[in-house]
Amino acid sequence: MSSPFPVAGRMSTGYHREQVDEFFARARREYEAGTIGENGLTEADVRSVAFDLVRGGYATGSVDSALDRLEAAIVQRRRDAFIAQHGQQAWMDRIAELATTLYPRLVRPRGERFAPPEKGRGYDRDAVDDLMDRLVEYFDANGDLTAAEIRTATFPSARRQRAYAEGVVDAYLDRAVEVLLAVE
C-alpha cells in the first residue's frame, strides 16, 4: 500500500504515521457520513491536532497542507449547511458578529494588545503587532490577508519585557483564522 504523504528523509523527523493515518481515516469516515462539522470533527479539532515527531514519519509540510485543506472543507460544508437553513444574510451577520469580537484588541496601541508572558520568553511583540496591523487593514480597508497567512505565521521569540504570552496570541489568531475562512 502506498503512503498518503511523502516520508521525511532518513535523517529528519516527521509526523507519526499511524497517528496521522488514524486522524485522516476518522476525518474521511465523518466527511463521507456527513457528520463532519456537526457533532463530529470540527475545524477547531483540525486546527488543534498534534502528532508526535518521529524518524521515518510523514513530511510535516505535506500533512500540514492537507490539514489546511481539510479545515477549509469543514468550514465550507458548515457554511453551506447554515446558508441552506438560514440564508446568506444570516451567515454574514453571524460572521460579522464573530469578527467584532476581534476588534477590541485591534484598537489597542502597539505593544499593549496582549499581556506579556508571566515569566520567560514569548512571541516578539513587534512581529505580532505587525500581523495585527495587517488584520486591521484587512477589516478596515479590504487589505490583502488570508487565513493561510495567519495560520502559518511564525514569530521570533523575545524576552518577557518585549513579548506577548503565546497562548492568548494563538487563541486570538485561531479565531481570526475562523473569521477569514468563513468569508474566503
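On a predicted model such as this, the values are computed, not experimentally measured, just so you know.

Caption draft 1: Seen up close, the sheet that holds strand 5 (residues 163-164). Across the sheet, 3 strands lie side by side as 4-3-5; this open sheet has antiparallel pairing. Of all strands in the sheet, those bounded by a partner on one side alone are strand 4 (157-159) and strand 5. Across 2 bridges, the pairing between strand 3 (residues 121-124) and strand 5 is antiparallel. Its bridge partner lying in strand 5, D124 is registered against A163. Sheet strands touched by helix 6 (residues 125-141): strand 3 and strand 5. Its angle to strand 3, the strand with the most contacts, is close to 40°. Sitting on the sheet, helix 8 (residues 166-183) is in contact with strand 3 and strand 5, with an inclination near 40° to strand 3.

Caption draft 2: View of the side chain of R79. Within the secondary structure, R79 is located in helix 3 (residues 60-86). For R79, which is buried and forms no salt bridge, the nearest opposite charge comes from D80, at a distance of 4.6 Å. A polar atom in the side chain of R79 sits 2.3 Å from the side chain of Q76. Once residues lying within four places of it in the same chain are set aside, the contact partners of R79 are W91, L181, A182, V183 and E184.

Caption draft 3: Region of the structure containing helix 8. End to end, helix 8 covers 26 Å across 18 residues, agreeing with the expected 26 Å (1.5 Å per residue, within 8%). Among the residues of helix 8, those classed as buried are V169, Y172, L173, A176, V177, V179, L180, L181 and A182.

Caption draft 4: Here's a closer look at the pattern of salt bridges. Scanning the model with the defined rule gives 13 salt bridges in all. With its nearest N and O atoms 2.9 Å apart, the salt bridge here joins E30 to R26. Highlighted residues: E30 and R26, both in helix 1 (residues 17-33), separated by 4 residues, approximately one helical turn. Residue class for E30 comes out buried when judged on its relative accessible area of 14%. Residue classification places R26 among the partly exposed positions, given a relative accessible area of 31%. A salt bridge links R110 to D133; its shortest N-O distance comes to 2.4 Å. Separated by 23 residues along the polypeptide, R110 in the loop between helix 5 (103-106) and strand 3 and D133 in helix 6 bring together distant segments of the chain. By relative accessible area, which is 38% here, R110 ends up partly exposed. Given the relative accessible area of 28%, D133 is considered partly exposed. Salt bridges sharing partners connect three or more residues here, namely R110, R113, D129, D130 and D133.

Caption draft 5: The arrangement of the environment of V177 in detail. Tracing the backbone shows V177 in helix 8. As a C-alpha pair, V177 and E149 span 28 residues in sequence and 8.9 Å in three-dimensional space. Ignoring sequence-local partners within four residues, the contact set of V177 consists of R47, E71, A147, I150 and R151.

Caption draft 6: Region of the structure containing the nonpolar core. Counting 29 residues, the largest nonpolar core has V128, L135, I150, F155, V169, Y172 and L180 as the members making the most contacts within it. Every element with two or more residues in this core is listed here: helix 3, helix 4 (88-100), helix 6, helix 7 (147-151) and helix 8. Ranked by the residues each element gives to this core, the list is headed by helix 8, at 9 residues. V169 has contacts with F114, Y123, V128, F155 and Y164, leaving out every residue within four places of it along the chain. Residues F5, F23, F51 and L70 belong to the second largest nonpolar core, which totals 16 residues.

Rules and cut-offs
Residues numbered from 1 in each chain as written. Predicted model: local features only at pLDDT ≥ 70, side-chain atom pairs only at ≥ 80, totals over all residues. Heavy atoms only, no water. Pairing = 2+ DSSP bridges. Helix = DSSP H or I, 4+ residues; strand = E, 2+ residues; numbered from the N terminus. Contact = heavy atoms within 4.5 Å. Axes fitted to C-alpha atoms, helices over the stretch in contact; angles between N-to-C directions. Buried < 20%, exposed > 50% of the residue type's maximum accessible area, 1.4 Å probe, protein only. Lys, Arg positive; Asp, Glu negative; His and termini not counted. Salt bridge = Lys/Arg side-chain N within 4 Å of Asp/Glu carboxyl O. Polar contact = N/O pair within 3.5 Å; in protein donor to acceptor, adjacent residues only side chain to side chain. Expected span 1.5 Å × (residues − 1). Core = buried A, V, L, I, M, F, W, Y, C linked by side-chain atoms within 4.5 Å.

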